[in-house]
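# Survey of secondary and tertiary structure
The lines below spell out each chain.
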Amino acid sequence: DTEVTQTPKHLVMGMTNKKSLKCEQHMGHRAMYWYKQKAKKPPELMFVYSYEKLSINESVPSRFSPECPNSSLLNLHLHALQPEDSALYLCASSQGHSGDHLAADTQYFGPGTRLTVL
Amino acid sequence: GNSVTQMEGPVTLSEEAFLTINCTYTATGYPSLFWYVQYPGEGLQLLLKATKADDKGSNKGFEATYRKETTSFHLEKGSVQVSDSAVYFCALSSTGNQFYFGTGTSLTVIP
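Residues numbered from 1 in each chain as written. Chains lettered and ligands numbered in written order. Predicted model: local features only at pLDDT ≥ 70, side-chain atom pairs only at ≥ 80, totals over all residues. Heavy atoms only, no water.

### Digging into the overall build of chain B
Across its full length, chain B carries 0 helices and 12 strands. Its C-alpha radius of gyration of 13 Å places chain B within 12% of the 13 Å reference for a compact globule of 111 residues. Principal axes of the C-alpha set define a box for chain B whose edges measure 45 × 30 × 20 Å. For chain B, buried positions account for 46% of its 111 residues. Summed over its atoms, the accessible surface of chain B is roughly 5,100 Å², and 49% of this surface lies on carbon and sulfur atoms. Side-chain charges in chain B split into 7 positive and 10 negative, and the spacing between the mean points of these groups amounts to 9 Å. (Helix = DSSP H or I, 4+ residues; strand = E, 2+ residues; numbered from the N terminus. Rg over C-alpha atoms; globule rule 2.2 N^0.38 Å. Buried < 20%, exposed > 50% of the residue type's maximum accessible area, 1.4 Å probe, protein only. Areas by Shrake-Rupley, 256 points an atom, 1.4 Å probe, with all protein chains shown as cover. Lys, Arg positive; Asp, Glu negative; His and termini not counted. Charge placed at Lys NZ, Arg CZ, Asp CG, Glu CD.)

Following this line, the structure appears as structure tokens:
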């Protein structure tokens, strides 16, 4: 099973709302990722969690706040977003490695949450 | 540094035509190479991968060979179908947990 699930599938929110995106995987993967994808563009990396610790933050504005409650779950909390934040938000996971020898990993993607900010 | 250069689209082919989408890369170390496919309104699906030089990845009639000497990983399919219409992304992963994506190539197959 190589499934990553994401909820909700679609989300419409106002600029003053607070909402959360959820991602779940049961493959025993220890690395999880959030990406943002605009139309006709490749995914852009936002955050990486490795062994439940934030390891990469690609200078994402603080209105996006990631959380990794356990090794299977990844959340993205949204607050005071702007219309330009409207995009497809993709979660991915990979096996992950500990220690110094990080090999190249295969990432498995969820179906995404289509976010519209009004 | 690491980067992927992918053939510009869009590509339009007739059903049963031969498909090639070019992908070249630059990388430090020994990267793994991937092709992902994204159907309209969906996330990215792993199509195939290769983890070392001369490996051939294949799936659903698609193939790509990891060529270290030409730093390439071109995607090919002998006979495309309408259902293959999608956006195709070439990507590489080197040491660490980061992926580097190409810009994507949109493929439309007409009956």
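### With respect to the state of the cysteines
Where two cysteines share a covalent bond between their sulfur atoms, that bond is called a disulfide. Across all of its chains, the model carries 2 disulfides over all chains by this definition. Paired through a disulfide, A:Cys23 and A:Cys91 show a sulfur-sulfur distance of 1.9 Å. One disulfide, between A:Cys23 and A:Cys91, carries an S-S torsion of -70° and so falls in the left-handed class. Linking A:Cys23 in strand 3 (residues 18-25) with A:Cys91 in strand 9 (residues 87-94), this pair joins segments that are 68 residues apart in sequence. An identical accessibility class is assigned to A:Cys23 and A:Cys91; each is buried. The disulfide partner of B:Cys23 is B:Cys90, and the gap between their sulfur atoms is 1.9 Å. Negative torsions about the S-S bond denote left-handed disulfides, and the value of about -70° found for B:Cys23 with B:Cys90 makes this one left-handed. Of this pair, B:Cys23 sits in strand 4 (residues 23-26) while B:Cys90 sits in strand 10 (residues 86-93), and the two are 67 residues apart along the sequence. The class of B:Cys23 is buried, set by a relative accessible area of 1%. Unpaired in terms of disulfides, A:Cys68 finds its nearest cysteine sulfur in A:Cys23, a separation of 9.3 Å. For A:Cys68, a relative accessible area of 13% puts it in the buried group. (Disulfide = S-S within 2.5 Å.)

### Points about the interface of chain A and chain B
On the side of chain B, 21 residues touch chain A, which itself brings 26 residues to the contact. Of the roughly 1,700 Å² buried where chain A meets chain B, counting both sides, 53% is carbon and sulfur surface. For the pair chain A and chain B, the number of links is 0 salt bridges. For the interface between chain A and chain B, the tally reads 5 residue pairs in polar contact (both at pLDDT 80 or more). For the side of chain A that touches chain B, the secondary structure elements donating two or more residues are strand 4 (31-37), strand 5 (44-50), strand 9 and strand 10 (108-109) of chain A. With 4 residues, strand 4 of chain A is the single largest residue contributor to the side of chain A that touches chain B. Among the residues making up the side of chain A that touches chain B, the classes are represented as 16 nonpolar, 5 polar and 5 charged. (Contact = heavy atoms within 4.5 Å. Buried area = accessible area lost by both parts, 1.4 Å probe. Salt bridge = Lys/Arg side-chain N within 4 Å of Asp/Glu carboxyl O. Polar contact = N/O pair within 3.5 Å; in protein donor to acceptor, adjacent residues only side chain to side chain. Nonpolar A, V, L, I, M, F, W, Y, C, P; charged D, E, K, R; others polar.)

### Quick word on the nonpolar core
By size, the foremost hydrophobic cluster in this structure holds 26 residues, and its most contacted members are B:Trp35, B:Leu47, B:Leu48, B:Phe73, B:Leu75 and B:Tyr88. Going through the elements one at a time, strand 2 (11-14), strand 3 (19-21), strand 4, strand 5 (32-38), strand 6 (44-50), strand 8 (62-65), strand 10 and strand 12 (105-110) of chain B are the ones with two or more residues in this core. In contact with B:Phe73, other than residues within four places in its own chain, are B:Cys23, B:Leu33, B:Phe34, B:Trp35, B:Leu48, B:Lys49, B:Ala50, B:Ala64, B:Thr65, B:Tyr66 and B:Cys90. In this structure, A:Leu11, A:Phe64, A:Cys68 and A:Val117 belong to the second largest nonpolar core, which totals 23 residues. (Core = buried A, V, L, I, M, F, W, Y, C linked by side-chain atoms within 4.5 Å.)

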